[in-house]
Amino acid sequence: MGFGNLKSDGGVQALNSFLETKSYIDGYVPSQADVAIFEGLGSAPNSKHCHALRWYNHVASYSSTFPSLPGVKQALEAYGSAANGKAPAVAEDDEDDDDDDLFGSDDEEETAEAEKLRAERIAAYQDRKSTKKVIIAKSNIILDVKPWDDETDMAQIEKNVRTIKSDGLLWGAAKLVAIGYGIKKLQISCVVEDDKISTDFLEEEITAFEDLVQSVDIAAFNKI
């Protein structure tokens, strides 16, 4: 169940494979699921498990805000590809079989009833095809928002950033990161629909708060 023993190489390999196409254990922003697996590992994975190591280092940057991350921490066995109950691949094969069976045998003598049945099956098949869910391309972006000086109200910066609302934009976790001389930057994550929200849009909207914000940088950009 789940990833298995995360203290073993096999368990870490399972985690590494799982994270090959994912930024987080569950969902699109850091959560208690990430905290549970992070703590289950106990230490950074070997560099040969590059996806797991990339995830571990990223989640480690949120260690000071672990208690405030969303979600409810569950047992380790609750996470991972086996626990998520993926649908078996044979489902697609079944649909292909439907395609083959739509028109029946060429050797059969078509009667009026057979023609009617075939037309109904074709119509039902086309209806299923037309109602299939469209996959929406999304990305997880982490932004570094830098103030003018150490006297800038960082809480107000975060509050202003979260007032930026648009279809296809979802704000996630945020934290303050020291950059020197008593100055801190706001690091905030968001999930965007690629066709609706661009990084240029985010930068323009945030830098519009020019009395508080000096600049905006893209700290991380991952396809989901």
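Provided above is the structure to which this section pertains.
Throughout this description, residue numbers start from 1 for each chain and increase along the sequence as written. Side-chain atom pairs in this predicted model are given and counted only at pLDDT of 80 or more, local residue features only at pLDDT of at least 70, and totals for whole chains, interfaces and linings cover all residues. Processing note: side-chain calculations cover all non-hydrogen atoms of the structure and skip hydrogens and water entirely.

Participant: Let's hear about the pattern of salt bridges: which residues, and what values?
Facilitator: The term salt bridge refers to a side-chain nitrogen of Lys or Arg lying within 4 Å of a carboxyl oxygen of Asp or Glu. This structure, assessed with the given rule, holds 9 salt bridges. Close ionic contact of Lys 146 with Asp 217 constitutes a salt bridge, the shortest N to O distance being 3.3 Å. Note that Lys 146 is positioned in strand S1 (residues 138-147) and Asp 217 in strand S4 (residues 213-223), a separation of 71 residues in sequence. When its relative accessible area of 25% is taken as the criterion, Lys 146 is described as partly exposed. Labels follow the DSSP assignment, with helices taken as runs of H or I lasting at least four residues and strands as runs of E lasting at least two, numbered in each case from the N terminus. Accessible area is worked out with a 1.4 Å probe on protein chains only. A residue is then buried under 20% of its type maximum, exposed over 50%, and partly exposed in between.

Participant: I'd like to hear about the nonpolar core, residue by residue, with values.
Facilitator: Only buried Ala, Val, Leu, Ile, Met, Phe, Trp, Tyr and Cys residues count toward a nonpolar core, and they belong to the same one when joined by side-chain atoms within 4.5 Å. Within the largest apolar cluster, 25 residues are counted, with the highest numbers of intra-cluster contacts made by Phe 3, Leu 15, Ile 25, Ile 37 and Trp 55. Of all the secondary structure elements, the ones that give two or more residues to this core are helix H1 (9-18), helix H2 (32-41) and helix H3 (50-60). Counting residues per element, this core draws most heavily on H2, which supplies 6 residues. Membership of the second largest hydrophobic core comes to 19 residues, among which are Met 154, Ile 157, Trp 171 and Leu 186.

Participant: Any chance you could break down the packing of H2 against H3 for me, citing the residues and the numbers?
Facilitator: Structural elements are reduced to axes, namely lines fitted to C-alpha atoms, with helices fitted over the stretch in contact, and the angle between N-to-C directions of any two is expressed from 0 to 180 degrees. In contact at an axis separation of 11 Å, H2 and H3 are set at 110° when each is read in the N-to-C sense. What the angle tells us is that H2 and H3 run roughly perpendicular. Relative to H3, the crossing made by H2 is left-handed. Contacts from Asp 34, Ile 37, Phe 38 and Leu 41 of H2 reach H3 at Trp 55, Tyr 56, Val 59 and Ala 60. Each residue is assigned to one of three groups, with Ala, Val, Leu, Ile, Met, Phe, Trp, Tyr, Cys and Pro labelled nonpolar, Asp, Glu, Lys and Arg labelled charged, and all others, Gly among them, labelled polar. In terms of residue class, the contact of H2 with H3 is made up of 7 nonpolar, no polar and 1 charged. Note that the term roughly parallel is reserved for angles under 35 degrees, roughly antiparallel for angles over 145, roughly perpendicular for angles of 65 to 115, and oblique for everything else. For any pair of crossing helices, the crossing counts as left-handed if the nearer helix is rotated counterclockwise from the farther one by less than a right angle, and right-handed if it is rotated clockwise. Only heavy atoms enter the contact rule, under which two residues are in contact if any of them lie within 4.5 Å.

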